[in-house]
Amino acid sequence: MKRFLISSAFVFLITAAAIAQQPAGTPPKNPNPVTKTRILQVDSAVVTKHTVTIKGKSVAYTATAGSMPIWDEDGRPVAGVFYTYYERDDVSDRSTRPLVISFNGGPGTPSVWMEIGYTGPKRLNTDGEGYPIQPYGIEENNNSILDVADIVYIDPVNTGYSRIVNKETPGSKFFGVNEDIRYLAEWINTFVTRKNRWASPKFLIGESYGTTRASGLALELQNSQWMYLNGVILVSPTDLGIERSGPVQAALKLPYFAATAWYHGMLAPEFQQKELTAFLPEVENFTINELIPAMARGGFIDDAQKKDMAAKMAKYSGISEDVILGNNLDVSYDLFWKELLRSKGYTVGRLDSRYRGIDRQAYGGSPDYNAELVAWLHEFTPAMNIYLRNELNYKTDLKYNMFGDVWPWNDKNDHTGENLRQALAQNPYMHLLIQSGYFDGACDYFNAKYSLWQLDPSGKLKDRLKWEGYKSGHMLYLRKEDLATATENLRKFIQESIPKPGTPAKY
């Protein structure tokens, strides 16, 4: 039997034009059918009880879906941040129970993707490779990490059900690399205090732009909130503001091209007959040891060497030597997605290049649409709306923003990679795990490796840094075989990042 509890405060009236929410509350009196006034409860919660079977064992847990405020300098709520929080019930001492704080990216998307795709107790219905199936809905996630950690999923402002509530508050207060980090650090402080989790080992997990967010938060939480983490997990990371340009930026794409071409069977038998992870080191070594030095010569490269580079790139990427030469060895991502399967009448996806699309015409330099993103919105959107209303009992007429308006986004002064390095250096307890999908063309796996290599030039922190690769794309967990492996690796990382009692944090 499920039990429901609703608490609310800071109730504001706003018009429909300001977009509001009304979770599990009483409808407003005398609503006008055209310009209906809605009630926004920026401080509210709905609590339900559930069980899930994880690794063959039943786990009882409490789920809280609600909103908590962001305050201005005068203590007035200016926004409500929606969250879902899962606590295992049979835990007597939360001081030793890990808390995982989870974000997705965009930067304009909520935490839906990892919540019902990866780590949460429920998972959307898909086939074994992650493609949409009907009927839409959810099922138990028998690989959830709720057995080893409590989890809170956070939707930044204008994503999910999170909204600005004071019309005088500009979006620029929230919409930027550093603005985002600052207000979310304050919100996390409030959450940890209210839930009495200051003693708990804490972990941040971010996916895509959420990795920029998590990397910046690692230092912001330490320096401004005096909150110290045990670990940071970056799933399909961005470049984290780590410099790469010119020949390096151009060359680093090749291993991803090779992985995608391998998946689609576009390579010679000598490569297709190898396992992917046995083939890719050859491409990586060529990229670092031959291609980057050759491209560094620019227009003064010897014609014979340029042709030799193009021939090798062609055999690794599945793209013709003529196309590569015509682009001066620098084939763009867009052109690759359009070109690889052009002769077969398909494009390949950006975020997950296993997916195929069909364009209006074969010619052109980029696909008409992102085949993988269309598929994901196809399956995640109905599943999350069903889940929130029917399972978590969070009922509202507000639209759940799968992509919210967070533009213009201030992307200046992105030093989040350096922020993460400083946080690691300052906190001997902290560990880092990076997970990448080989077929991700938006945040590709070899650029993630490069970020790991460049994160700490001293090399003194590398014993606490780890990278893992999976035969999936951006959402590496959608392939069920990888879901099982990746979640098990998360368990190990969490458990291994918690020191034995009494172990001091010192060098």
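Residues numbered from 1 in each chain as written. Predicted model: local features only at pLDDT ≥ 70, side-chain atom pairs only at ≥ 80, totals over all residues. Heavy atoms only, no water.

A. Region of the structure containing unusual backbone geometry. A cis geometry characterises the amide bond from Gly-106 onward to Pro-107, with omega recorded as 15°. Note that Pro-107 resides in the loop between β5 (99-103) and α1 (112-119). For the bond running from Trp-407 to Pro-408, omega is 5°, close enough to zero to count as cis. In this structure, Pro-408 sits in the loop between α11 (371-391) and α12 (416-426). The phi angle at Lys-55 is positive, at roughly 55°, despite the residue not being glycine. Owing to a relative accessible area of 44%, Lys-55 belongs among the partly exposed residues under this scheme. (Helix = DSSP H or I, 4+ residues; strand = E, 2+ residues; numbered from the N terminus. Buried < 20%, exposed > 50% of the residue type's maximum accessible area, 1.4 Å probe, protein only.)

B. Highlighting the nonpolar core. Ile-188 and Phe-279 are the most contacted members of the largest nonpolar core, which has 96 residues in total. Not counting chain neighbours up to four residues away, the residues in contact with Ile-188 comprise Ile-101, Phe-103, Ile-154, Leu-217, Leu-221 and Met-227. Judged by nonpolar contacts, the second largest core, of 53 residues, contains Ala-65, Phe-203, Tyr-387 and Met-475. (Core = buried A, V, L, I, M, F, W, Y, C linked by side-chain atoms within 4.5 Å. Contact = heavy atoms within 4.5 Å.)

C. Geometry of a nonpolar patch on the surface. Residues Tyr-346, Ile-358, Tyr-369 and Val-374 make up a contiguous nonpolar surface patch of about 360 Å² in total accessible area. Mapped onto the elements of the fold, Tyr-369 is located in the loop between β13 (356-357) and α11. On the basis of relative accessible area, Tyr-369 is assigned to the partly exposed category, the value being 33%. (Patch = residues over 30% accessible without salt bridge, like charges linked within 9 Å, V, L, I, M, F, W, Y side chains within 5 Å. Areas by Shrake-Rupley, 256 points an atom, 1.4 Å probe, with all protein chains shown as cover. Salt bridge = Lys/Arg side-chain N within 4 Å of Asp/Glu carboxyl O.)

D. Layout of the packing of helix α2 (residues 177-194) against helix α3 (residues 209-224). Where α2 meets α3, the axes come as close as 9 Å, and the angle between the chain directions of the two elements is 60°. On the basis of their axis angle, the class for α2 and α3 is oblique. Crossing angle aside, the handedness with which α2 passes α3 is right-handed. Within the contact between the two elements, α2 uses Val-177, Asp-180, Ile-181, Arg-182, Leu-184, Ala-185 and Ile-188 and α3 uses Tyr-209, Thr-212, Arg-213, Gly-216, Leu-217, Glu-220 and Leu-221. Class assignment for the residues of the contact of α2 with α3 results in eight nonpolar, two polar and four charged. (Axes fitted to C-alpha atoms, helices over the stretch in contact; angles between N-to-C directions. Parallel < 35°, antiparallel > 145°, perpendicular 65-115°, else oblique. Left-handed = near helix turned anticlockwise from the far one by under 90°. Nonpolar A, V, L, I, M, F, W, Y, C, P; charged D, E, K, R; others polar.)

E. Structural detail: the pairing of strand β15 (residues 465-470). In this structure, strand β14 (residues 431-437) lies alongside β15, joined through six bridges in parallel fashion. If you follow Leu-432 over to β15, its bridge partner there is Leu-465. Tracing the backbone out of β14, into helix α13 (residues 445-455) and back to the parallel element β15 gives a crossover that is right-handed. (Pairing = 2+ DSSP bridges. Right-handed = clockwise from strand over helix to strand, strands pointing away.)

F. Layout of the packing of aromatic side chains. Per the counting criterion, the structure on display carries 36 aromatic pairs. Between the aromatic rings of Tyr-161 and Tyr-394, the centroid separation amounts to 5.4 Å while the plane-to-plane angle is 25°, which identifies the pairing as stacked. You can see Tyr-161 sitting in the loop between β8 (150-155) and β9 (163-164) and its partner Tyr-394 sitting in the loop between α11 and α12, a full 233 residues away along the chain. By relative accessible area, which is 5% here, Tyr-161 ends up buried. The buried category is assigned to Tyr-394, whose relative accessible area is 1%. Between Tyr-438 and Trp-467, the ring centres sit 6.2 Å apart and the planes meet at 70°, which makes this aromatic pair edge-to-face. Taken together, the residues span a long stretch of sequence, with Tyr-438 in the loop between β14 and α13 and Trp-467 in strand β15 at a distance of 29 residues. One exposure class covers both Tyr-438 and Trp-467, and it is buried. Members of the aromatic cluster, connected to one another through ring pairs, are Phe-174, Phe-175, Tyr-183, Tyr-209 and Trp-409. (Phe/Tyr/Trp six-rings, centres within 6.5 Å; stacked < 30°, edge-to-face > 60°.)

G. Seen up close, the environment of Leu-461. Relative to the helices and strands, Leu-461 is located in the loop between α13 and β15. Under the relative-accessibility criterion, Leu-461 is labelled buried at 8%. Separated by 225 residues in sequence, Leu-461 and Ser-236 have C-alpha atoms that sit 21 Å apart. Beyond its immediate chain neighbours, meaning those up to four positions away, Leu-461 contacts Arg-421, Leu-424, Ala-425, Asp-456 and Tyr-507.

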